[in-house]
Amino acid sequence: MRPNRTTPTTRLPVAGDLWLRAFLLALSGAAALIFQVLWVKQLTLVVGIDVYAVTTGVSAFFGGLALGGLLLGRLADRTARPLRLYAVLELGVATLGVATTLALPNTARWFAELENGNGMLAWALVFAIVGLPPVFMGGILPAVVCSLRVASDRIGVAGGRLYAANTLGAILGALGSTFVLLPTLGVRGTAFVAASLGAVAAGCALWLDRGARPATPDQATQGAAPVARGALVAVLLYAIAGGIAMGYEIVWSQVVVPFMSTRAFAFSVMLATYLTGLALGSALFARRADRVRNPWGMFGLLIAAAGLVAMVEVAVLGRWMPALQSAVEAGVFQLTSNLLAGMCARFAVAAVVIVLVPTLLLGAAFPAALRLVVDAGHVGRDVGRVVAWNTLGGIAGTVITGFVLVPRFGLIGSLAILGVAASVLGLLAVLQVRGAWRGTGGGTFVVAVAAVGLVLLMPSDRLARLLVENRGGTLVCYREGRGGTVAVLEQNAGTKHFRRLYIQGVSNTGDTLPSLRYMRLQALLPLVIHGGEPQSALVIGLGTGITAGALLQYPGLDQRVVAELLPEVVEAAPVFAGNFNAASDPRLEIRLRDGRRELLGNPQTYDLITLEPPPPSASGVVNLYSTGFYELARARLNPGGILAQWLPLPTQNVEDTRSLVRSFLEVFPHVSLWTTEVHEMLLLGSVQPLDLDVARISARFNQPGVSAALREVGVASPEALLATWITDRQGLETFAGDALPVTDDRPRIEYATWVRHDELQRVLPDLIGVRTDPPVRGADEDFQTRLRIERQRLMVFYQAALNAQAGHPDLWARDMKRLFESDPENPYFRWFGTSEE
């Protein structure tokens, strides 16, 4: 006969037993989260960073967890020594985790080749590699809970505390991997640290088990006892709750970014906050989970309340948030004198305000679910079932929210649907007991009504309004899609009007004249100086469409290709000035694909590959600045081909700029640096040396489309074009010094310290300090004289810019006056004006 689910059969373990097992699970959680961070990062090198690819890869990870929970939970019930099973599982995770980390980067080419021939087989390869270690992870929590042999009426206390400990470890893993391990040890070194944590946990488990007497599973444990109907309903509802929780995470990941950053540190802080809420909620509620008279009502109230709070927090967002963030950031910086600490405090404020309270409630639902599901005779099976189905629900919630709800209903609409779904789920839970509307049941009904009312009152364009409030200007275009939000705002600086592109609420670029200048030069400069007859070009990153549009002005090209990640960016491109209607021109082929994956999966070669990605320190963008990427791009260049890499100056510290340059030098034998704007430079790399033949360059420059496009941005002659030369390989070697390169294993720039506010004052003089004369061929004396004059003008302007940034307006005005006397009609110089205007 099956034991009564409410009758204790064993005591609650003493505090020491519980805390020792909590320590084990904290180590497990840290190791598992570190491996997850590494694999998600490595997957972007294999399948790209588009939302479909990443979601599919992450689903493989969670699918493995779910499978492990279902299979190994039953095994934990049947073993006499669950701690030994735990140790075996931990060693399996450590071994397979390191193997997966080492294997993933080497599968990129296999994946690309298989995908071109058999897509299903390619993705099966990814699932097999990423999904196997998590199968072992899925059995860890059931094994440890099972080792306690607790009574079913005490499972909420023990299970909730152990879940909290496991999640606490995951928090430490999330923060430790981003702030310490990856910056200092790289990907492989971090994997060995995670494996070491697992090995330590396994050793501790074996030590803890050595003096314990083997437990003898009872008749119920060894039989395939049926699961009560109420338990099955609870598992189903908790699975749906898992889907809702992951749906919230998808929405929050886009809502919170405008108040944070696209740096990896910001995402780590948000993930840690999410996990902190789950851990605290589980730990706090575990204290009273087994004393609650109506666990169904409490479970329903927690889920419904999480949905309501999630909507309320977004509804009340306003200008007070940036003000609060700035105050906290200033306070932390004053205490620590550390820019990164101040910025992380800023991120934490946003994450706590938007994410913490709902996740507290969701975390509290876990011990409540255990109370409803777990039978003392089948602890491993039932805990495994709860974890597995919750994980499967999370996979479904991720896919449905990311691919269906957000594209169709937007972020606010998706949040509303999730909130209503949480209310309905809560009401269904309440209805599982008689007298449903008393106590917590009545509270759940009130919460559900409030949630529906808020859905009706909250405007669907709430986030667009917030963006305008915080950034200023007028909204021109706003799109919410699978990969993020894309907006265009019309803004002004004095009498100058321009439009800026915001992705995830973060300014990326715009159509100011300085932006027009550097983006047109990104395309036209390497084409004009190309030693052969360029006929094909690839632009990675459409952005405002200005670089791609410049390709249309060069008549010799037969093929013009753009690789762009977000379809919403393509939709927004027509509203920008100066891109020659690139997005709608049939001569330009736009491929919606991650740039690295485009090169990896397509053997097509080009005469020019030019990049205009987000700043290199943004999360994931390092994939386009590493030696691994440059080797791939070099293989896709035709003989005589050129790779043109955008090098922004003030977006990272000078030490990191040196590493970026070193990466380029590691791959290309012939490298040169050109200045396209005071804040931007352009690295050109090739296998063959550049031949700066004046006659050829002048002929190409004087083609009507090319000359008109460049004159509009202050490059009025071949001499002015060649004046943008800074230095050759020797000068760059001097600048880079002993800096280490950015590699796929050591993505230094992604985890670099926060950029100093006055960094242009450091990096620009250092680069000008290695300036050399351009090695032009066939230039007569008049040409050389005009070239020297153009170079002097640029240097005067750059000195003026440095004086302005250093707070010397009188020196700025002096330099600009001198510049206007020399070149009064230059539109680039006139954009900045003088202090006298």
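Please refer to the structure higher up on the page.
Predicted model only: the values in this text are computed from it and were never measured. (Residues numbered from 1 in each chain as written. Predicted model: local features only at pLDDT ≥ 70, side-chain atom pairs only at ≥ 80, totals over all residues. Heavy atoms only, no water.)

Before going further, it helps to examine the overall build of the protein chain. Within the protein chain, the secondary structure is distributed over 30 helices and 14 strands. Here the C-alpha radius of gyration of the protein chain, 30 Å, is about what a compact globule of 837 residues would show, namely 28 Å. Considering only C-alpha atoms, the protein chain reaches an extent of 105 × 50 × 50 Å along its principal axes. Within the protein chain, buried positions represent 60% of all 837 residues. The long-range fraction of contacts in the protein chain, counting pairs at least 24 apart against all pairs at least 6 apart in sequence, stands at 78%. Of the accessible surface of the protein chain, which amounts to about 31,100 Å², a share of 60% is contributed by carbon and sulfur atoms. (Helix = DSSP H or I, 4+ residues; strand = E, 2+ residues; numbered from the N terminus. Rg over C-alpha atoms; globule rule 2.2 N^0.38 Å. Buried < 20%, exposed > 50% of the residue type's maximum accessible area, 1.4 Å probe, protein only. Contact = heavy atoms within 4.5 Å. Areas by Shrake-Rupley, 256 points an atom, 1.4 Å probe, with all protein chains shown as cover.)

Before going further, it helps to examine the side chain of Q491. For Q491, the location among the structural elements is in strand β2 (residues 484-493). The class of Q491 is buried, set by a relative accessible area of 11%. A polar contact of 3.3 Å, which involves the side chain of Q491, links it to the backbone oxygen of R471. Only 3.2 Å separates the side chain of Q491 from the backbone oxygen of G472, close enough to count as a polar contact. If we skip the residues at most four places from it in the chain, Q491 touches R471, G472, G473, K496, H497, F498, R500 and Y502. (Polar contact = N/O pair within 3.5 Å; in protein donor to acceptor, adjacent residues only side chain to side chain.)

Attention now moves to the pairing of strand β4 (residues 506-510). Here four bridges tie strand β3 (residues 496-503) to β4, and the two strands are oriented antiparallel to one another. Bridge assignment links R500 to a residue of β4, and that residue is G510. Taking the residues between adjacent antiparallel strands as the criterion, β3 and β4 are bridged by two residues, where Q504 takes a positive phi near 60 degrees. (Pairing = 2+ DSSP bridges.)

Picture a little ball the size of a water molecule; that probe, rolled over the atoms, points out where space is still empty. All chains considered together, the criterion is met by four cavities of 30 Å³ or more. If you add up the space inside the largest cavity, you get close to 60 Å³. In terms of lining residues, the largest cavity is bounded by R517, G714, A720, A723, E790, R793, L794, N826, Y828 and F829. Among the secondary structure elements, those contributing two or more residues to the lining of the largest cavity are α28 (781-805) and α30 (827-832). Per-element tally for the lining of the largest cavity: the top contributor is α28, with three residues. For the lining of the largest cavity, a count of residues per class yields five nonpolar, two polar and three charged. (1 Å grid on protein atoms, 1.4 Å probe; cavity = no way out; pocket = protein on both sides within 12 Å on 5 of 7 lines; lining within 4 Å. Points joined across faces, edges and corners; volume = space filled by probe spheres on them. Nonpolar A, V, L, I, M, F, W, Y, C, P; charged D, E, K, R; others polar.)

What follows covers the packing of aromatic side chains. Summed over all chains, the structure comprises 24 aromatic pairs. Judged by centre distance (5.4 Å) and plane angle (90 degrees), the ring pair of F61 and F62 falls under edge-to-face. For the pair F797 and F832, a centre-to-centre distance of 5.1 Å together with 55 degrees between the ring planes defines the contact as tilted. Of the two residues, F797 is situated in helix α28 and F832 in helix α30; the sequence distance between them amounts to 35 residues. The exposure class of F797 is buried, given its relative accessible area of 1%. Given the relative accessible area of 26%, F832 is considered partly exposed. Three or more aromatic residues joined by ring pairs form one cluster here, namely F797, Y798, Y828, F829 and F832. One cation-aromatic arrangement involves R830 over F820; the distance from NZ or CZ to the ring centre is 5.4 Å. (Phe/Tyr/Trp six-rings, centres within 6.5 Å; stacked < 30°, edge-to-face > 60°. Lys NZ or Arg CZ within 6 Å of the ring centre and 35° of its normal.)

Turning our eyes to something else, we now look at the sheet that holds strand β8 (residues 606-611). Within the open sheet, the eight strands sit side by side as β7-β6-β5-β8-β9-β11-β10-β13. Their pairing is mixed. With partners counted over all chains shown, the strands left at the sheet margins are β7 (588-592) and β13 (725-727), one partner each. Shown here is a sheet whose adjacent strand axes are inclined to one another by a mean of 25 degrees, direction ignored. Its contacts with the sheet put helix α21 (residues 627-635) on β5 (536-540), β8 and β9 (637-648), and the angle it makes with β9 is roughly 145 degrees. (Axes fitted to C-alpha atoms, helices over the stretch in contact; angles between N-to-C directions.)

A word on a nonpolar patch on the surface. A contiguous nonpolar surface patch, about 320 Å² in accessible area, is contributed by V312, V316, W320 and L324. Considering the arrangement of structural elements, one finds W320 in helix α12 (residues 320-336). The partly exposed category is assigned to W320, whose relative accessible area is 37%. (Patch = residues over 30% accessible without salt bridge, like charges linked within 9 Å, V, L, I, M, F, W, Y side chains within 5 Å. Salt bridge = Lys/Arg side-chain N within 4 Å of Asp/Glu carboxyl O.)

Overall, antiparallel pairing links the four strands, which are arranged β1-β2-β3-β4 in an open sheet. Of all the strands in the sheet, just β1 (474-481) and β4 have a single pairing partner and so form its edges. Averaged over all pairs of adjacent strands, the angle between their axes in this sheet comes to 25 degrees, without regard to strand direction. Across eight bridges, β2 lies against β3 in antiparallel orientation. If you follow A487 over to β3, its bridge partner there is Y502.

Among the structural elements, T544 can be located in the loop between β5 and α18 (546-551). The buried category is assigned to T544, whose relative accessible area is 0%. Not counting residues up to four positions away in its chain, the partners in contact with T544 are L501, T509, G510, M519, A573, F576 and N579.

Among the nonpolar cores identified, the biggest contains 266 residues, and F299 and I354 are the most heavily contacted of them. Here this core gets 19 residues from one element, more than from any other, and that element is helix α13 (residues 339-373). If sequence neighbours within four positions are ignored, F299 has contacts with L237, Y238, A365, A368, A369, L372 and A429. (Core = buried A, V, L, I, M, F, W, Y, C linked by side-chain atoms within 4.5 Å.)

Take the pattern of salt bridges next. Summed over the entire model, instances satisfying the criterion amount to 29 salt bridges. When the shortest N-O distance is used, the salt bridge between R662 and E733 registers 2.9 Å. Remark: E733 occurs in helix α26 (residues 729-736) and R662 occurs in helix α22 (residues 654-667); sequence separation between them is 71 residues. Since its relative accessible area comes to 10%, R662 is described here as buried. With a relative accessible area of 27%, E733 lands in the partly exposed category. Through salt bridges with shared partners, one network takes in E655, R756, D758, E759 and R762.

Moving on: α12. Its 17 residues give α12 an end-to-end C-alpha distance of 24 Å, which sits within 8% of 24 Å, the value for a rise of 1.5 Å per residue. Buried residues of α12: M321, Q325 and E329, and no others. One face of α12 carries all of its buried residues, which in axial projection span an arc of 60 degrees. Along α12, exposed side chains directed more than 90 degrees from the buried face belong to A327, Q334 and L335. In this structure, the buried side of α12 is in contact with α13. Trailing α12 by a residue or two, S337 shows a phi angle of about 55 degrees, which is positive. (Expected span 1.5 Å × (residues − 1). Arc of directions from axis to C-beta.)

This brings us to unusual backbone geometry. The backbone of F580 shows a phi angle near 55 degrees, a positive value even though the residue is not glycine. Its location among the elements puts F580 in the loop between α19 (567-572) and β7. Overall, F580 belongs to the partly exposed group, its relative accessible area being 28%.

Within the secondary structure, T79 sits in the loop between α2 (51-78) and α3 (82-103). At 3.3 Å, the side chain of T79 forms a polar contact with the backbone nitrogen of R81.

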